[in-house]
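Descriptive structure summary
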Amino acid sequence: MRYFIIAGEASGNNYARRLIQELKISDQQAEIKYFGPDADSAVMGFIEVLTKAPALLRRLNACRKKILEYRPDVLILIDYPTFNLKMASYARKHGIKTFYYIAPKVWASREWRIRKIKNNVDRLYVIFPFEKEYFASKGIDAVYLGNPLLDHMQSTLEKTDSPDVFRAKFKLGPEPILAILPGSRLKEIEFLLPKAIQIVNDFKDYQWIVSAMSNIPTTVYDSIIKDLPVRVMYGHTYEIIRQAEAAIVSSGTATLETAVLNCPQLVCYGGNALSAAIAKMIIKVKYISLPNLILNKATVHELIQKECEPERLADEVSHLLRGRQRRRSILADYKRLHRLLGAEGATARIARDMVVTLTGGSGEPRYKVYTMTPFGNFCFAANETDELVSSAFEEDESLNGFYKNGVKMPPEEPLPAVLEDALVQLKAYLDGTLRLFKLPLHIEGTEFQQNVWTNLTRIPYGTTVSYSELAEMSGNSKAARAVGQANNANPFAIIIPCHRVIGNDGSLVGYAAGLGRKQKLLAMEKSYAPESSNSLF
């Protein structure tokens, strides 16, 4: 499969990286092109988007060109709706299937985007449990397989130091820690950090740490903090949250990360005054933080725009400290949040679902090859992972050559190796130089059927057995009728030689491709193996 993936922000880049890894596991033939974020991608707010419009238009045009050049089997869009919904519409016009991974938050604002999703997205993956019900109410069958943030957090935490080692490595004092997570965008930081640092001296028995983002220069933090006793640390967000007694967090993914790591928090949101005014008019949800949205409850307090003032910040933080009732209530709600989010492994489940949706699963034919034989047109079918899923005679003699998804493959496209090998082995079988096929088979069937099919491959070339004899080989001499049914259900004509089974009286019976073909196949094998014992000849 050929995948084209688009992400527009740092968080989307992380999700894309993990998805690419899992797609390569689920689809070993995957070819992937990635269009990731650049300096102009991370834009927040209505007015800010307008100022970046020329740069976004240039990116749209560049991305469209790359998609047409690559001609993917599927376009996978990750969040970033201002850009990605336009790409979904473009893909639809050019007949390209589209999956949307991390659905646009239309439940919060811009609900008019639902029509675009309905018209242009073939499969919608949501990452919060409440979203599935929301989209169902709008006529969209969204898929929830867990939250991939848990996978990212787990893999990151596995590489981090233990609390004691972290404190020693960075020479942190014994005082409890209060954390500030001011966001990943410059506008967020310029809004929250100047207000948060004004309460530092109200908590002199604590040490303050700001979790800094790699895309923001140190001069930004230094110019705001100046000479206050506040530590700025890059690249250690999770360690800081785990160490902190409480945190002040800018709204966004960090609020969920903080909750998953069981740190009581105060959530703040603000920015450009005009953007905030527009947001207030169109945002429909009761809460801005992800923990509250998932729990449908005001578990963590939220301060928006003018509410986010130093006096209010100090009061709210004091209620998060050890021994306070609000702290205990928040930690109790976090337990329910963990249950709602479900287990880790969401990225792998989503990747598998994408592959199965595209290919129909490992049992579905993706590639076919037709070749003429002395017994008629013959077809091999293979899946995406280079396994044969069937072989059978084809009555339509006009079909020939290699096909992909029902369309003749162009000469320049690489041919599936398993089908090329199947043709070589079939020719050798027809020439009398091959007596046992050695090809990777994807076999789906009941345990009894698979037992029968295995025993069919043990019938020597050029010989025959009766249904009763095959039943004895399969461990139940009284199951001749069931063995006959399993024999007729064999998905691999010639490769699994069901043509070597005859009636108990020596007559030719029961061959899906016709008794004439069965007789000719047995006659051919006998001619190449005259030493074999065959009751028919």
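Each remark here, short or long, concerns the structure printed above.
Residues numbered from 1 in each chain as written. Predicted model: local features only at pLDDT ≥ 70, side-chain atom pairs only at ≥ 80, totals over all residues. Heavy atoms only, no water.

1. Considering helix α22 (residues 515-528)
Owing to its 3.6 residues per turn, the α-helix aligns residues three or four sequence positions apart on the same side. The end-to-end C-alpha distance of α22 is 20 Å, a good match for the 20 Å that 14 residues give at a rise of 1.5 Å each. Taken together, the buried positions of α22 are R517, K518, L521, L522, M524, E525 and K526. In this structure, the buried residues of α22 make contact with β14 (376-382), β15 (388-394), α18 (417-430) and β19 (501-502). (Helix = DSSP H or I, 4+ residues; strand = E, 2+ residues; numbered from the N terminus. Expected span 1.5 Å × (residues − 1). Buried < 20%, exposed > 50% of the residue type's maximum accessible area, 1.4 Å probe, protein only. Contact = heavy atoms within 4.5 Å.)

2. Details of the sheet that holds strand β16 (residues 401-404)
A sheet is described by the order of its strands in space; here five strands give the open sequence β15-β14-β13-β16-β17, paired in antiparallel fashion. Both edges of this open sheet fall to β15 and β17 (407-408), since each of them pairs with a single strand only. As paired elements, β16 and β17 share two bridges and run antiparallel to each other. When the bridges of β17 are listed, K404 appears paired with V407. (Pairing = 2+ DSSP bridges.)

3. Details of helix α10 (residues 218-225)
The complete set of buried residues in α10 reads V220, Y221, I224 and I225. End-on view of α10: buried residues confined to an arc of 115°, all on one side of the axis. Structurally, α10 contributes buried residues whose contacts are with α9 (186-196), β8 (207-212) and β9 (230-234). The first or second residue beyond α10 is K226, which carries a positive phi of 55°. (Arc of directions from axis to C-beta.)

4. Quick word on the side chain of S251
Considering the arrangement of structural elements, one finds S251 in the loop between β10 (244-250) and α12 (253-260). Judged by its relative accessible area of 15%, S251 is buried.

5. What about the nonpolar core?
Among the nonpolar cores identified, the biggest contains 122 residues, and I6, I76, M87, Y101, L124 and F135 are the most heavily contacted of them. At six residues, the largest contribution of residues to this core is made by helix α4 (residues 81-93). When near neighbours in sequence (up to four residues on either side) are disregarded, I6 contacts F35, C63, I67, L75, I76, L77, I78, F83, N84 and M87. Judged by nonpolar contacts, the second largest core, of 42 residues, contains F393, L426, A428 and V465. (Core = buried A, V, L, I, M, F, W, Y, C linked by side-chain atoms within 4.5 Å.)

6. Focus on the pairing of strand β13 (residues 367-373)
Looking at chain direction, β13 and β14 are connected through seven bridges and run antiparallel. Note on β14: the bridge partner recorded for T373 is G376. Two successive antiparallel strands, β13 and β14, enclose a turn made up of two residues. Where β13 meets β16, four bridges bridge the pair, whose relative direction is antiparallel. Paired with K368 across the two strands is Y403, which belongs to β16.

7. A word on unusual backbone geometry
Not every positive phi belongs to a glycine, and Y80 is a case in point at roughly 50°. Relative accessible area serves as the criterion here: at 8%, Y80 is assigned to the buried category.

8. Considerations on the packing of helix α1 (residues 10-26) against helix α17 (residues 346-359)
Direction vectors running N to C along α1 and α17 enclose 55°, while the axes themselves pass 8 Å from each other. Accordingly, the angle class assigned to the pair α1 and α17 is oblique. Classified by chirality, the crossing of α17 by α1 is right-handed. Between α1 and α17, the contacting residues are R18, L19, E22, L23 and S26 on the first element and T347, A348, I350, A351, R352, M354 and V355 on the second. Class assignment for the residues of the contact of α1 with α17 results in seven nonpolar, two polar and three charged. (Axes fitted to C-alpha atoms, helices over the stretch in contact; angles between N-to-C directions. Parallel < 35°, antiparallel > 145°, perpendicular 65-115°, else oblique. Left-handed = near helix turned anticlockwise from the far one by under 90°. Nonpolar A, V, L, I, M, F, W, Y, C, P; charged D, E, K, R; others polar.)

9. Here's the deal with the packing of aromatic side chains
Applying the stated criterion to the full structure yields 17 aromatic pairs. Ring geometry for F166 against F170: centres 5.0 Å apart, planes inclined by 50°, an arrangement best described as tilted. Using a relative accessible area of 1% as the deciding quantity, one classes F166 as buried. For the ring pair F203 and W208, a centre distance of 6.0 Å and an interplane angle of 70° mean the geometry is edge-to-face. (Phe/Tyr/Trp six-rings, centres within 6.5 Å; stacked < 30°, edge-to-face > 60°.)

10. Structural notes on the pattern of salt bridges
This model, assessed by the stated rule, comprises 16 salt bridges. The salt bridge involving K297 is made with D333; its shortest N-O contact spans 3.0 Å. With K297 in the loop between α14 (290-295) and β12 (302-304) and D333 in helix α16 (residues 325-341), this residue pair connects regions lying 36 residues apart in the sequence. Residue K297 is classed as partly exposed on the basis of its relative accessible area of 37%. Several salt bridges converge on common partners, so that one network encompasses R312, E316 and R326. (Salt bridge = Lys/Arg side-chain N within 4 Å of Asp/Glu carboxyl O.)

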